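# Structural characterization, general
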Amino acid sequence: MCSCACYSAIAGGGLSSSASLEVAFYTFLESLTGDQNPSREKVALACQKAEHDFARMPCGVMDQFISALGREGCALLIDCRSLEAK
């Protein structure tokens, strides 16, 4: 598969643009394959792993978690040690 993504993040939006793009692309691939079984936490962890393995950026998981689990108008409490989110 060949793909191209055009993306513009809102300056000062307070969200890692790489994490939001990773989660958006993961969600796009889910819709193509029809496979939407993983929990959103597993999606966030898969996106973090991609950033570690392919971009070689040893980032934490907070940005991926908020991109995968966040809901408009709601706060998300994340424990990055236990990976629990509420």
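For the structure, check the block above.
My aim in this report is to walk through the structure given alongside it, one point at a time. Being a predicted model, the structure only gives us computed values, none of them experimental. (Residues numbered from 1 in each chain as written. Predicted model: local features only at pLDDT ≥ 70, side-chain atom pairs only at ≥ 80, totals over all residues. Heavy atoms only, no water.)

### Examining the pattern of salt bridges
Under the defined criterion, the tally for this structure stands at 3 salt bridges. Aspartate 53 serves as the salt-bridge partner of lysine 49, at 2.5 Å between the closest nitrogen and oxygen. With lysine 49 and aspartate 53 both in helix α2 (residues 40–53), this residue pair falls 4 residues apart, about one helical turn. (Salt bridge = Lys/Arg side-chain N within 4 Å of Asp/Glu carboxyl O. Helix = DSSP H or I, 4+ residues; strand = E, 2+ residues; numbered from the N terminus.)

### Quick look at unusual backbone geometry
If you check the backbone angles, arginine 56 has positive phi at about 55° while not being a glycine. Given a relative accessible area of 67%, arginine 56 falls into the exposed group. One non-glycine residue, leucine 83, lies in positive phi territory at about 65°. Positionally, leucine 83 belongs in the loop between β1 (78–79) and β2 (84–85). The class for leucine 83 is partly exposed, based on a relative accessible area of 29%. (Buried < 20%, exposed > 50% of the residue type's maximum accessible area, 1.4 Å probe, protein only.)

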